[in-house]
Amino acid sequence: LDARKPLIAGNWKENPCTVQEAEALASEVAEATKQAGDVGVVVIPPYPFLVPVQNAASGALMIGGQNCYFEEKGAYTGAVSTAMLSSVGCTYVLCGHSERRTVFRNDDNAINRKLRAVLDHNMMPILCIGESKEEYDAGLNKAVCAIQLSKDLKGVTGEEMKRIVVAYEPVWAIGTGLTATPEIAQSVHDYIRGYLAKMYSREVADEVIIQYGGSVTPDSVDALMAMPDIDGALVGGASLDGAKFGRIINYKK
Ligand code: PEP
């Protein structure tokens, strides 16, 4: 159980607008990471900023891709492959972020193929799952997570599962300022771990890092991280503010 080292990730989405701003933010986050305890920190900038961000972070941070395409190379204008992400030093790649599922119409089959490509290039997928507001109101939050896990993890072995981070992100909490209470989040995380234990084994499930995402801020992070099955956070908005993200990384136990 104690093998699960906390992991905090900052998903910058389509921000900031210039490489200079990206480098400045990365340096600030790298400084804050030096004070932090035993926590892994990954920043997930837009593709053009991956290399400059990594250089600005001078080894203090890991970098990740926000998306990928499952074909390794070829005539796929606009696409970026896992081979490319791996070659510039990415350790993580987001798969199935709700904005990819909705705005860009990625279905579970595409997400499964992307996750497969990430594993095949020896990086770690951060698989994002979670229910919409309507599904939450209908009491379907756990059922939706179960369906997404079963489809998105198709063909994944138990050993591979240990390299996958699951991010539970209730869609109604993303960018809305609404956070699931620590108790609700814990209950879904416990359910997800139990579902993985059924799909694989208790041993595998106990090793999987499960992050919570959805309007995590300096004010909410401590109580969320205190929950036994919340092993980290996937942070959007607050990761664009160096001081706020620095406080999140330095969450109080
Ligand atoms: C996200 O996009 O993964 C996210 C959790 O965003 P925010 O923190 O802004 O809700």
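First things first, this report covers the structure right here in the doc. What you see is a predicted model, and the numbers here were worked out from it, not measured in a lab. Numbers given for residues are sequential positions, taken from 1 along each chain in its written order. Local features in this predicted model are restricted to residues whose pLDDT is 70 or higher, and side-chain atom pairs enter the listing and the counts only when it is 80 or higher, whereas totals over whole chains, interfaces and linings include all residues.

## Structural notes on the overall build of the protein chain
1) Next: Counting from the N terminus, the helices are DSSP H or I runs at least four residues long and the strands are E runs at least two residues long. The number of helices and strands found in the protein chain is 12 helices and 8 strands.
2) Next: Computed over its C-alpha atoms, the radius of gyration of the protein chain comes to 17 Å, within 12% of the 18 Å expected for a compact globule of 253 residues.
3) Next: Burial is judged by counting other C-beta atoms within 10 Å of a residue's own C-beta: 20 or more means buried, 12 or fewer means exposed, and anything between counts as partly exposed, with every C-beta placed from the backbone. Looking at the 253 residues of the protein chain, the share that counts as buried comes to 45%.
4) Next: We call two residues in contact whenever the C-beta atoms placed from their backbones are within 7 Å. In the protein chain, once contacts between residues fewer than 6 apart in sequence are set aside, the share between residues at least 24 apart is 72%. Atoms counted for the radius of gyration: C-alpha only. Globule rule: 2.2 Å times the number of residues to the power 0.38.

## Observations regarding the packing of helix α5 (residues 108-120) against helix α7 (residues 141-152)
The description of two packed helices rests on the angle between their axes and on the distance between the axes.
1) Next: Remark: α5 packs on α7, axes separated minimally by 8 Å, with the N-to-C direction vectors making an angle of 55 degrees. Between α5 and α7, the interaxial angle falls into the category oblique. Listed contacts from α7 to Asp108, Ile111, Asn112 and Leu115 of α5 are Gln148, Lys151 and Asp152. In this analysis an axis means a line fitted to C-alpha atoms, helices contributing only their contacting stretch, and an angle means the value between N-to-C directions, from 0 to 180 degrees. Oblique is the label for every angle not falling under 35 degrees (roughly parallel), over 145 degrees (roughly antiparallel), or within 65 to 115 degrees (roughly perpendicular).

## Remarks on the site of the ligand
1) Next: Using the backbone to place each C-beta atom, any residue with that atom within 6 Å of a molecule or strand is considered near it. Surveying the vicinity of the ligand reveals 13 residues, the closest of which are Ile174, Gly213, Ser215, Gly236 and Gly237.
2) Next: In the scheme used here, Gly and all other residues not listed as nonpolar or charged are polar, with Ala, Val, Leu, Ile, Met, Phe, Trp, Tyr, Cys and Pro taken as nonpolar and Asp, Glu, Lys and Arg as charged. By residue class, the composition of the shell around the ligand is 5 nonpolar, 7 polar and 1 charged.

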